[in-house]
Amino acid sequence: MHADRTGQALPCEGPGIGVCYPGDRVDPDHWGVTGCCSFWSLLHGGVSQTECPERNDAQGRETSVTGTMQYAPATAKPRQTTARKPSRGRVRKAGHRPARATVLVLWTGYPNGPHVCRSLSRAGFRVLGANPEGLRRSIACLRPRRYPPPTDSPDAFLAVIEEICRADGVDAVVPLEEDIVRLLAERGSELGSVTIVGPTAAQSRALCDKAGLARTAQSLGVYSPRIVEVRAGEPTGPWPALPSVVKPVTSTTAGAIVRLAQTFEERDAFVAKIATEGNAALVQECISGPRWVVHSVRGPGVFEYVAHRVHLEWPRTAGLASIKRPEPPPQSLVSAARRLLEHVDYRGPSGISFLERDGHYYVHDANLRFGGTTGVSIHAGFDWPRRALEVALGLPG
């Protein structure tokens, strides 16, 4: 299910779509459930085909959840085209219609970069892409702009981004990577009048910080798992019962991953690993019930969403979603996500994760950006990136 701008649920146009991560089985007979949508859509035809194929009809067309797109059968002779060298930093797109606005995407790599770039390009935006120095280009942007690592040299990073925005008349910056989101939340004003499609520093502390999310949820009466912070090797309260989930308080791009500790020794080792990276650890009680993720766009008078039920994650119980499908969500789930966003008056895209136990929904993670499974919502009929930019820039949609 997805919803319109008033928050009313609308039926999806097709079945649920899955996304695969390393460790998952790919079943080509059921791409809509266990196949890698991003892989197959890219395999079958360039930057404009992002829908997940469900089946081929007799005419060789792929029927997807968002309509029918043309696909040449394997026996057909391929079209002869003349490749043109793309301009530096531009995302390839067809047509010559005037751009609605200029958008800079940081960065354009897999998995979320290509989906965001294609969505915005199809919607008529002029899309510029940029990647870190030394990182390979992506299929969404063959000649990306380059910037220094934001964690190693934040001043140099901001100077490069500010110059790109000034020279190319950028209207909005869309950060997709954790470290960039956090840096722009703190120092985004240094880019001038450019719209940052992401959180402010206060919003990031209240929702993106794991301990801050728990405090915010408690103040609003939203259920959240029991947690304890560990700083300088000392817990701030009683340990949750084993097994327990160990994660960094502040997520980073290259930091420690979430782990499930079965023993005291594992828990202490995971906490110590996070401490070596200069981060505080958070130990959370393990809730083994169903997991939900609400992808939404919020703005003045707008709250649109699609809710996904997670059917498999990797690593099990404490990892990334491997298979998720859009399903009709309980109203209490959607209300909890909306209350969290309204509390900080956040305006933009978000992905908020919940765990279900005894009919209650416990919030345990919030990302105020486009996450790695952005394509799942697009395949379900909710053009998440397009709507987020239209709301952020006050454009009709």
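Rules used in this analysis
Residues numbered from 1 in each chain as written. Predicted model: local features only at pLDDT ≥ 70, side-chain atom pairs only at ≥ 80, totals over all residues. Heavy atoms only, no water. Helix = DSSP H or I, 4+ residues; strand = E, 2+ residues; numbered from the N terminus. Buried < 20%, exposed > 50% of the residue type's maximum accessible area, 1.4 Å probe, protein only. Contact = heavy atoms within 4.5 Å. Salt bridge = Lys/Arg side-chain N within 4 Å of Asp/Glu carboxyl O. Axes fitted to C-alpha atoms, helices over the stretch in contact; angles between N-to-C directions. Parallel < 35°, antiparallel > 145°, perpendicular 65-115°, else oblique. Nonpolar A, V, L, I, M, F, W, Y, C, P; charged D, E, K, R; others polar. Core = buried A, V, L, I, M, F, W, Y, C linked by side-chain atoms within 4.5 Å. pLDDT = per-residue confidence, 0-100. Expected span 1.5 Å × (residues − 1). Arc of directions from axis to C-beta. 1 Å grid on protein atoms, 1.4 Å probe; cavity = no way out; pocket = protein on both sides within 12 Å on 5 of 7 lines; lining within 4 Å. Points joined across faces, edges and corners; volume = space filled by probe spheres on them. Pairing = 2+ DSSP bridges. Phe/Tyr/Trp six-rings, centres within 6.5 Å; stacked < 30°, edge-to-face > 60°. Lys NZ or Arg CZ within 6 Å of the ring centre and 35° of its normal.

A. Representation of the overall build of the chain within the structure. Helix and strand counts for the chain stand at 11 helices and 20 strands. Split into buried and exposed, the 397 residues of the chain put 52% on the buried side. Contacts in the chain between residues far apart in sequence, at least 24 positions, make up 60% of those at least 6 positions apart.

B. Just the pattern of salt bridges, in detail. Counted according to the given criterion, the structure contains 23 salt bridges. As a salt-bridge pair, Glu178 and Arg369 come within 3.2 Å of each other at their nearest N and O atoms. Here Arg369 lies in the loop between strand S20 (360-367) and helix H10 (374-379) and Glu178 lies in helix H5 (residues 178-187), a separation of 191 residues in the sequence. Both residues of the pair, Glu178 and Arg369, belong to the buried class. Each of the salt bridges in this network shares a partner with another, and the network as a whole consists of Arg100, Glu304, Asp383, Arg386, Arg387 and Glu390.

C. Structural view of the packing of helix H4 (residues 154-168) against H5. For the pair H4 and H5, the least separation of the axes is 12 Å and the interaxial angle reads 80°. Viewed along their axes, H4 and H5 adopt a mutual orientation that is roughly perpendicular. Residues Pro154, Asp155, Phe157 and Leu158 of H4 form the contact with H5, whose participating residues are Ile180, Leu183, Leu184 and Arg187. Of the residues assigned to the contact of H4 with H5, the class counts are six nonpolar, no polar and two charged.

D. Fine view of the nonpolar core. In terms of nonpolar packing, the biggest core is built from 26 residues, with Leu207, Val294, Leu341, Ile352, Phe354 and Val363 touching the most fellow members. In terms of residue count, the dominant contributor to this core is helix H9 (residues 331-344) (seven residues). Those residues in contact with Phe354 that sit more than four places away from it in its chain are Pro290, Arg291, Trp292, Val294, Leu333, Ala336, Ala337, Tyr361, Tyr362, Val363 and His364. Counting 24 residues, the second-largest nonpolar core is a separate cluster that includes Ala172, Val174, Val197 and Val297.

E. Spotlight on the confidence of the model for the chain. On average, the chain scores 79 in pLDDT, and the residues at 70 or more come to 74%. A low-confidence stretch, residues 4-87 (pLDDT under 50), is modelled with 160 contacts involving residues beyond four sequence positions or located in other chains.

F. Geometry of H4. Helix length check: H4, at 15 residues, gives a terminal C-alpha distance of 21 Å against a target of 21 Å (1.5 Å per residue), a fit within 8%. For H4, the full list of buried residues reads Phe157, Leu158, Ile161, Ile164, Cys165 and Asp168. Projected onto a plane normal to the axis of H4, the buried residues spread over an arc of 125° and lie on a single side. Those residues of H4 that are exposed and aimed more than 90 degrees away from the buried face are Asp155, Arg166 and Ala167. Contacts from the buried residues of H4 go to strand S6 (102-106), strand S7 (126-132), strand S8 (145-147), strand S9 (172-175) and H5. Once H4 ends, the next one or two residues include Gly169, with phi positive near 60°.

G. Quick peek at empty space enclosed by the protein. Under the criterion given, the structure shown has one cavity of 30 Å³ or more. What lines the largest cavity is Lys210, Leu213, Ala214, Ser224, Pro225, Ile227, Lys247, Leu282, Gln284, Val363 and His364. Of all elements in the fold, only helix H7 (210-220), strand S15 (281-285) and S20 reach the threshold of two or more residues within the lining of the largest cavity. Of the residues in the lining of the largest cavity, the class split is six nonpolar, three polar and two charged.

H. Region of interest: the sheet that holds S8. Reading across from one edge, S8-S7-S6-S9-S10 is the order of the five strands in this open sheet, with parallel pairing throughout. Strands at the two margins of the open sheet, each flanked by one partner only, are S8 and strand S10 (195-196). The sheet contact formed by S6 and S7 spans five bridges and is parallel. Following the sheet pairing, Leu104 is matched in S7 by Leu128. Helix H11 (residues 384-393) contacts S6, S9 and S10 of the sheet and is inclined by roughly 140° relative to S9.

I. How the structure looks around the packing of aromatic side chains. With the rule as written, the count across this model stands at four aromatic pairs. Taking the centre distance of 5.1 Å and the plane angle of 85° together, the rings of Tyr147 and Phe157 count as edge-to-face. With Tyr147 in strand S8 and Phe157 in helix H4, this pair connects stretches of sequence that are 10 residues apart. As far as the burial class goes, Tyr147 and Phe157 line up, both buried. An angle of 80° between the planes, with centres 5.1 Å apart, marks the rings of Phe370 and Trp384 as edge-to-face. Residue Phe370 is found in the loop between S20 and H10, and its partner Trp384 is found in helix H11; the two are separated by 14 residues along the sequence. Like Phe370, the residue Trp384 is buried in the burial classification. Against the face of Trp239 rests Arg267, its NZ or CZ located 3.8 Å from the ring centre. In this structure, Arg357 packs its charged tip against the face of Tyr362, placed 4.8 Å from the ring centre.

J. Region of the structure containing the sheet that holds strand S12 (residues 234-235). Taken together, five strands build an open sheet; the order of strands is S12-S11-S15-S13-S14 and the sheet is antiparallel. The open sheet has two edge strands, S12 and strand S14 (259-261), and neither has a second partner. Each of strand S11 (227-231), strand S13 (244-248) and S15 touches H7; the most contacted strand, S11, lies at about 145° to it. Packing against the sheet, helix H8 (residues 264-276) makes contact with S11, S13, S14 and S15, and its axis sits at approximately 10° to S13.

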